[in-house]
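# Tertiary structure, described
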Amino acid sequence: MVGWNSIQQMKAFRNLHLDPNHAHPEASRKADGPRLVHRFIKRILSFARLSLYCLALAILLGNVAAASAQDQDQSQNQTNSQDIYGKSLEDLMNIKITSVSKRPENLSRTPAAIYVITQEDIERSGARNIPDLLRMAPGVDVAQVDANRWAISIRGFNDLYSDKVLVLIDGRTVYTPIFSGVYWDQMDVPLNDIERIEVIRGPGGTIWGANAVNGVINIITKSAKDTQGATVALGAGSAEKTDDEVQYGGKIGKKGYYRVFGHYADYGSLNNAADQSDLDAWQLWHSGFRADLNPAGKNSAILEGDAFTTDAGGLSTTGFKPNALNTQIYDDKVTNTGGSILAKWSHTFSTRSSTSLQFYDSYYSRVDSGFPEKLNTADLEFQNHISLGSRHDVVWGLGYRDYNDDLGQGLFVTFNPAEKNYSLFSAFFQDEIRLTDALRLTLGVREEHNAFTGFEDEPGARLSWAINDKQTLWMSASKAVRQPGRLDTGVMADVAVLPLPGGLTDDITISGNPDFQDEQVRDYEAGYRAMITPKVSADFASFYSFYHDLRTNEPVLNTFTFVPPPPHLNTLVTWTNDMHGQDYGAEAALNWSVTPRWKLSGSYSWLKMNLNLNPNSQDTTSVAQEGQSPEHQFNIRSYLDITHSVSFDTALYYVSNVPAYFIPDYTRVDARLAWQINKWLQVSATGQNLLSPQHIEYADLYQAIASQAARSVFGQIRLSF
């Protein structure tokens, strides 16, 4: 589906009327084929859900029979209940992170704008998916598009695919080079298995490479050693009708561990702006495994894999030639299957030297708006870390990635060529130089060769000054690129039909540009991180970014034709790199341990953007991107342990208006009440969007109608033993 950036003004000319019963004939014919397959899959999922309930009942009865009076004792509850954080604020400031330098380093000393969402944050937020978790990170803009899609960006340029943010799971990129972005409905990671989410605001190209322009989201899962035993979670609610998960972890010999899981979720439809059902209900089935072999030894290995399938819908507009002005509404089915496998070997030579070799292969097959796409990604990466003398800490590596895609013909999108094989070669080097005990300078560069623009370099420099053991001042300068994708270079899409005087029409078609170049950013940042008191910590970052060669859509050809009838004007538009601009702003995060049982956390983000066309540009729409993200965002979260076994957690989020989408500001409140009955049984209830029945967070996409985020409640029973 073509993103908003290229057609936001064109779509304003279109008059949409909502008639979900009037389906587009071509779409109906395409839906007849897979109908039996969909019905068969739904039956399998229903059987799987029934099996989960039966297994949960058996586990519950078995544990009730085996439970002793000691398990019910209050002191045992106190021992087994999770304290608010289990760690002091100082411990959290010194948590080990890996996303900035690809090696462990203390958060407090890291010279970058980074926010860590911990496992405690994840559990106590009550969030049911990764997008909702990301709302708590400063600088991150999360907008729900419909029941199964989200637009997520960092520091501006928010769009359905948000092509300037790189997302990883355990070092495996989930960024698709076809539409340049992330399919968030394919991003299902069991939340209980996430160790932490590291969110870098600002470029990460020196370490992670292309497309890490405005940020990196690195989802790091727990070791299988930390998820031993069985867990069954059964949940149901108003928006998420069903969410069931079963997991088991065991040992492999004396030095190995594994876990396997299965997850099924069924989401109901949301309403659109006309308060009619958007028919965007969806179902997800996801299963996977992870094995950790000799995790504490000199030689260790990780093997993990997963498989998923989704079945979703959503109202879309026909708007296809030759009857585009007679717009109709139909239910656009989105089907999706895929999976991945990852293997990583690590060897520790000493406390000063280690190396690793990682390989992964991922595949998905997706149909959206009648457009079938298949993508297989194979990636091999070697990395070495070595300390040289007393002043140099070096990380370097080599990488090779191979893409194979197969793109069919959709209702309004085709690609040329339809099949393509392309590769990415990379090498990076980074050295942290200890100038003094308090002052450290990090210099690095990454060289990449891609199939679209050839060689690109992404250098970076970071300086940190540990004022004392409680305060760190840092600054950085870096360059990053967003390399072209298949959308930029090979798409052919019918995007709009505009009425002209005399009953004529102008059919707008966008064509990819094989000469499209990298988009670039040069970013400058400064920040301050401190333990103000033993109970209060603060993190502040400011940035100024300069963008070059941003994508614009330029008219290149106007022709008048009689075929197909009626006579009409054809306008051909292509992508070029004729826009530049700046954005600047600041972000702050604060943690306050009010009492041993009550903690407050919060963050604030301010963003200002200014985009300008090059003198030769005739684009009339792309500058509007400077209004695609809110200028102000803040959140306040409260984590309260009422007793040792009962917790009550709340969160308030505020998002200012989004001018480009005509979306007013909104405030959202979420709350979660949990009772840890004993060491193996927990019940919880979560409410989301409690202030209003529903609100809009995103505008209509091209050919698709946005939904409203709705008030919802969700209850869950979790058994662990």
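Structure shown above.
First things first, this report covers the structure right here in the doc. (Residues numbered from 1 in each chain as written. Predicted model: local features only at pLDDT ≥ 70, side-chain atom pairs only at ≥ 80, totals over all residues. Heavy atoms only, no water.)

### Some details on the overall build of the protein
- Secondary structure summary: the protein contains 10 helices and 38 strands in total.
- Sequence-distant contacts in the protein: of pairs separated by 6 or more residues, those separated by 24 or more amount to 64%.
- For the protein, the accessible surface area stands at approximately 28,400 Å², while carbon and sulfur atoms represent 59% of it. (Helix = DSSP H or I, 4+ residues; strand = E, 2+ residues; numbered from the N terminus. Contact = heavy atoms within 4.5 Å. Areas by Shrake-Rupley, 256 points an atom, 1.4 Å probe, with all protein chains shown as cover.)

### Quick look at unusual backbone geometry
- The residue after N416, namely P417, is reached through a cis peptide bond having omega 0°.
- For P417, the location among the structural elements is in the loop between β21 (413-415) and β22 (419-434).
- Despite not being glycine, F157 shows a phi value in the positive range, around 60°.
- Along the chain, F157 turns up in the loop between β5 (149-154) and β6 (165-169).
- Overall, F157 belongs to the buried group, its relative accessible area being 5%.
- Despite not being glycine, N294 has its phi angle at roughly 50°, a positive value. (Buried < 20%, exposed > 50% of the residue type's maximum accessible area, 1.4 Å probe, protein only.)

### Quick look at the environment of I677
- You can see I677 is positioned in strand β34 (residues 666-678).
- On the accessibility criterion, I677 (22% relative accessible area) is partly exposed.
- A C-alpha to C-alpha distance of 8.5 Å links I677 and V646, two positions 31 residues apart in sequence.

### Focus on the environment of T227
- Along the polypeptide, T227 turns up in the loop between β9 (215-221) and β10 (229-237).
- Expressed as a C-alpha distance, the spacing of T227 and Y248, which sit 21 residues apart in the sequence, is 7.9 Å.
- Not counting residues up to four positions away in its chain, the partners in contact with T227 are D193, K222, Q247, G249 and R259.

### Thoughts on the pairing of strand β35 (residues 681-688)
- Summarising burial for β35: 6 of the 8 residues are buried, a large majority.
- With 7 bridges joining them, β34 and β35 adopt antiparallel strand pairing. Among the inter-strand pairings, A674 is bridged to a residue of β35, identified as S684.
- As consecutive antiparallel partners, β34 and β35 are separated by 2 residues. (Pairing = 2+ DSSP bridges.)

Function-wise, these values are silent; they only describe arrangement.
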